[in-house]
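# Structure at a glance
The lines below spell out each chain.
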Amino acid sequence: MDIIDKSALKKSDLIETSKLKYFIRCMLAGMFLTLGTAIAVMVAEKAEHMLPGSGKFFYSFMFAWSLVMITYMNTELGTSNMMYMTAAVYRKVLAPKRALLILFSCILFNLIGGVIASYIMSLTNVFQALPAEHFLFHAVEGKLAKTPLQMVSEGIFANVIVNTTVFVSGHMKDDAGKLFSTIFIIFIFAFLGFEHVIANFASFSLAFFANGGPVTGMTIVSVLRNWLFAFIGNYIGGGLLIGLLYAWMNNGTQKYVD
C-alpha cells in the first residue's frame, strides 16, 4: 500500500506542476492501447485463416502487450487510477476533489489519445479495405450487442484483473517476472472478452475509422451505453473491490499488511 500512496502522490504532483505533461501521459496510454489493439486484431485475423478458431487466443496474447507498453513507458491509464485514487482518498493521502480531477482528466485524455491514434492508424496501409467480416468488426459488434448487466459484470472482472496485474507485477523483483505476470494475467480478461472502458475507446474508434463509418450496431447511443456500463463495472472492480477493499484491509496497525 505504501507503493500505491507514493504513486498517488506522484500523480498529484505532476498534475499540479504541469497539467499538460500529465494530459500527454494519459494520451500516450490511449495510443499504446490502440497499438496493442491494432496488432492484436491483425494477428487474430491471420490466425483465423491459418487455424480457424485460434483468432481469439492470439488476439488475447498480443493485446496483453498493451499494458506492458503502458507500464514501462510510464503513462497514465484511467482504469488503474480508479484503484489508486479510491485508495488514496480512503487513506487520506489525497483530497477527494484532487482525486476526482486526476481520475476524470486521465479518462478524458485516454479517450482523446485513443481517438487520435485510431484515426492515424486507420490511414496506414494494413487497415485499408478491411473485409466486413474482419476480426476487428466482429469483436466490436459483439461488444455493442451485450446487455447492461453483462457489461457491468464483465467490467468488474476486467478491472479486477487489470489492477491485480498492478499488484502482482509490483511484487516481482525483475523485468522477466513483471513481463510474465502482466502478459498472462491480462490474457485472462482479453480472452474472456470482458469490458474495459479505455480499451473500448481504442477498439471502437479504430473500427469506426477503418470501416469508414459505423459498423453494424454502432450508434452514438450504443457506444455511450457501452462506455457508461463498462465504466461502472470497471470502477466497482478496480476502485471498490481492489482499491477500497485493500485500503480497508490494510487500515490499522496489524502485522498482516500488503
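Here goes a summary of the coordinates provided. (Residues numbered from 1 in each chain as written. Predicted model: local features only at pLDDT ≥ 70, side-chain atom pairs only at ≥ 80, totals over all residues. Heavy atoms only, no water.)

So, about the pattern of salt bridges. Under the counting rule described, the total for this entry stands at 6 salt bridges. The partner of E16 in a salt bridge is R98, and the shortest N-O contact between them spans 3.7 Å. Residue E16 is found in helix α1 (residues 2-17), and its partner R98 is found in helix α6 (residues 96-122); the two are separated by 82 residues along the sequence. Taking relative accessible area as the criterion, E16 reaches 55% and is therefore assigned exposed. Taking relative accessible area as the criterion, R98 reaches 26% and is therefore assigned partly exposed. The salt bridge involving K146 is made with E195; its shortest N-O contact spans 2.6 Å. Taken together, the residues span a long stretch of sequence, with K146 in the loop between α7 (135-144) and α8 (148-171) and E195 in the loop between α9 (175-192) and α10 (197-211) at a distance of 49 residues. Judged by its relative accessible area of 0%, E195 is buried. Within the structure, one salt-bridge network assembled from shared partners comprises K143, K146, E154 and E195. (Salt bridge = Lys/Arg side-chain N within 4 Å of Asp/Glu carboxyl O. Helix = DSSP H or I, 4+ residues; strand = E, 2+ residues; numbered from the N terminus. Buried < 20%, exposed > 50% of the residue type's maximum accessible area, 1.4 Å probe, protein only.)

On to the nonpolar core. Among the nonpolar cores identified, the biggest contains 70 residues, and F63, F127 and L136 are the most heavily contacted of them. Ranked by the residues each element gives to this core, the list is headed by helix α2 (residues 19-50), at 11 residues. With sequence-adjacent residues up to four places away left out, F63 is seen in contact with L33, G36, T37, A40, I186, F189, A190 and A199. (Core = buried A, V, L, I, M, F, W, Y, C linked by side-chain atoms within 4.5 Å. Contact = heavy atoms within 4.5 Å.)

Under the criterion given, the structure shown has 15 aromatic pairs. With a centroid separation of 5.9 Å and an interplanar angle of 15 degrees, the aromatic rings of Y59 and F63 are classed as stacked. Of the two residues, Y59 and F63 are both situated in helix α3 (residues 55-63); the distance of 4 residues between them amounts to about one turn of the helix. Relative accessible area serves as the criterion here: at 4%, F63 is assigned to the buried category. For the pair F167 and Y246, a centre-to-centre distance of 5.2 Å together with 45 degrees between the ring planes defines the contact as tilted. Of the two residues, F167 sits in helix α8 while Y246 sits in helix α11 (residues 220-249), which places them 79 residues apart along the sequence. Here the aromatic residues F57, F58, F187 and F191 are joined through ring pairs into a cluster of three or more. The ring of Y84 carries K11 above its face, with NZ or CZ at 4.6 Å from the centroid. Its end group placed over the ring of F191, K56 keeps NZ or CZ at 5.7 Å from the ring centre. (Phe/Tyr/Trp six-rings, centres within 6.5 Å; stacked < 30°, edge-to-face > 60°. Lys NZ or Arg CZ within 6 Å of the ring centre and 35° of its normal.)

Right, let's talk about the packing of α3 against helix α4 (residues 65-72) for a bit. What describes two packed helices is the angle between their axes and the distance between those same axes. Remark: α3 packs on α4, axes separated minimally by 5 Å, with the N-to-C direction vectors making an angle of 5 degrees. Accordingly, the angle class assigned to the pair α3 and α4 is roughly parallel. Of the residues in α4, those touching α3 at F61, M62 and F63 are W65, S66 and L67. In terms of residue class, the contact of α3 with α4 is built from 5 nonpolar, 1 polar and no charged. (Axes fitted to C-alpha atoms, helices over the stretch in contact; angles between N-to-C directions. Parallel < 35°, antiparallel > 145°, perpendicular 65-115°, else oblique. Nonpolar A, V, L, I, M, F, W, Y, C, P; charged D, E, K, R; others polar.)

This part takes up α1. With 16 residues, α1 ought to run about 22 Å at 1.5 Å a step, and its terminal C-alpha atoms sit 22 Å apart, in line with that. Within α1, the full set of buried residues consists of I4, D5, S7, A8, K11, S12, L14 and I15. As for α1, its buried residues are in contact with α2, α5 (78-90), α6 and α8. (Expected span 1.5 Å × (residues − 1).)

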